Amino acid sequence: MRAQLLATPGPIESKPLTLTEVAVPEPGPGEVLIKVTACGVCRSNLHMIEGDWVANGVPAKSPIVPGHEVVGTIAKLGAGVDWLKIGDRVGVQPLWSTCGVCEFCLTAREQLCSSTTKKEITGETVDGGYAEYMLGYALHTYKIPDVLKDAEAAPLFCPGVTAYGAVHKAQLQPGQTMALYGVGGVGHMVLQFAALTGAQMIGVARGKNHLKLAEELGCYRTIDSNSGDPGEILKKDGGVDVSIVFAPSTPMLRQAIVGTKPGGKIIVGTFTDAGPFFFPDQKQIIGSVIGSRWEMEDVLKIAASGKVKAHIVTYSLDQTDEALRALKAGEIEARAVITI
Ligand SMILES: [Zn+2]
Ligand SMILES: [Zn+2]
């Protein structure tokens, strides 16, 4: 099979990925072999490929196949997998496997799984979906509703579930105001899930394309973060009930905290630094990372009903470099997907 292999991380311009012919993997007990048809291209893939996370031990193996928003059909079943069948269309999210027995796994918060040996991350500790085949851990694969096309479904497995997890934690009520910081791959899905709650939405982003997308997705107001401090602007108008931050920007997180009402919530989904925190305002800063299997199933149900849809642009497996370069250059409005 053909796979995009990462051996030595480095700037995407230096072409760290090589399209290589490798053996098709054999599924072990509890695993399935998936014939990949689509894989989303995530900013975190770019971070890993460029070596930003080497100090944190990512990638954990070398060479590795990146990619963690994967859709395909089951080509082979490992021992003990009797609830799936060959030909089933399934997806895999970044959480490739968890222990299933720790307190987090038992309370539908398995993205917090505390196991150091059983928790695996797709495309970071095990091979991912930039390839013609990959292994899935059957308990962490999800059947895809028939109405969803492969390439459209792929981003549901990372931006989709990440956005849903954040909106879920925000507990938005009809009539409340929510400001989203960063209208990209995850952000454009946040707006679609938040719209279903009846909240009034404000989009904060850089660049005309992203602001236009925010308007199209129902924001009654957009703020160009290049043309003033959005936190101060929103504070002057009384502040918002909830801020959701997916922009990888410390200044934007701090602006979001300022622009949130006393007692409001700030949901954070990127590595940023919140800075000094003024406790008497009783604001809550809540971290949010991907989502549980239960939340993933919710995302698929909502997408199947037609209420949310990932905006995509597709590339072929040999154009993976091109997709990553476009992502780095800020040219991808919402999500790039490799189709195989
Ligand atoms: Zn992702
Ligand atoms: Zn666990």
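Residues numbered from 1 in each chain as written. Chains lettered and ligands numbered in written order. Predicted model: local features only at pLDDT ≥ 70, side-chain atom pairs only at ≥ 80, totals over all residues. Heavy atoms only, no water.

Things to note about the domain arrangement of the chain
What counts is decided by this rule: What marks off one domain from the next here is an automatic or database domain assignment. Contacts are residue-level and defined by heavy atoms, with any inter-residue pair within 4.5 Å sufficient. Joining two parts hides part of their accessible area as seen by a 1.4 Å probe, and the buried area is that hidden amount summed over both. A pairing counts as a salt bridge when a side-chain nitrogen of Lys or Arg comes within 4 Å of a carboxyl oxygen of Asp or Glu. Each polar contact in these results corresponds to two N or O atoms within 3.5 Å; when the atoms are within protein, one needs to be able to donate a hydrogen and the other to accept it, and residues that are neighboring in sequence are counted only if both atoms are side-chain atoms. Note on residue categories: nonpolar means Ala, Val, Leu, Ile, Met, Phe, Trp, Tyr, Cys or Pro, charged means Asp, Glu, Lys or Arg, and polar means any other residue, Gly included.
Under the domain assignment used here, the chain contains domain 1 (2-158 + 291-339) and domain 2 (160-287). Using only C-alpha atoms to locate each centre, domain 1 and domain 2 end up separated by 27 Å. Contact residues are listed per partner, giving 21 residues for domain 1 and 19 residues for domain 2. Between domain 1 and domain 2, the buried area comes to about 1,700 Å², and carbon and sulfur atoms account for 64% of it. The interface formed by domain 1 and domain 2 includes zero salt bridges. At the boundary of domain 1 with domain 2, the tally comes to 11 residue pairs in polar contact (both at pLDDT 80 or more). Along the lines of polarity and charge, the residues of the side of domain 1 that touches domain 2 split into 12 nonpolar, three polar and six charged.

Considering the environment of Ala-205
For clarity, the cut-off: A run of H or I in DSSP becomes a helix once it reaches four residues, and a run of E becomes a strand once it reaches two; helices and strands are each numbered from the N terminus. A simple rule labels every residue: compare its accessible area, found with a 1.4 Å probe on the protein chains alone, to the largest value its type can have, and call it buried under 20%, exposed over 50%, or partly exposed in between.
Note on placement: Ala-205 falls in strand β11 (residues 200-205). What makes Ala-205 buried here is its relative accessible area of 4%. Put simply, Ala-205 and Tyr-181 are 24 residues apart on the chain and 6.1 Å apart in space, counted from C-alpha to C-alpha.

Structural notes on the sheet that holds strand β15 (residues 284-287)
Here is the rule: Note on pairing: two strands pair once DSSP finds at least 2 bridges between them. All axes are obtained by fitting lines to C-alpha atoms, using only the stretch in contact for helices, and the reported angles, taken between N-to-C directions, cover 0 to 180 degrees.
The strand order across the open sheet built from six strands is β12-β11-β10-β13-β14-β15, with neighbouring strands paired in parallel fashion. The sheet is open, and its two borders are formed by β12 (221-224) and β15, each paired with just one other strand. For this sheet the average axis-to-axis angle between neighbouring strands, irrespective of direction, equals 20°. Two strands pair when backbone bridges link them, and strand β10 (residues 177-181) and strand β13 (residues 240-245) are joined in this way by four bridges, in the parallel orientation.

So, helix α8 (residues 293-304)
This is how it is decided: Under the convention used throughout, the expected extent of a helix is 1.5 Å for every residue step, that is, one less than its residue count.
Across its 12 residues, α8 extends 17 Å between first and last C-alpha, which sits within 8% of the 16 Å expected from 1.5 Å per residue. Among the residues of α8, Glu-295, Met-296, Asp-298, Val-299, Leu-300, Ile-302 and Ala-303 are the ones counted as buried. Buried residues along α8 sit against β9 (141-143), α3 (159-170) and α4 (187-195). At the exit of α8 stands Gly-306, carrying a positive phi of roughly 85°.

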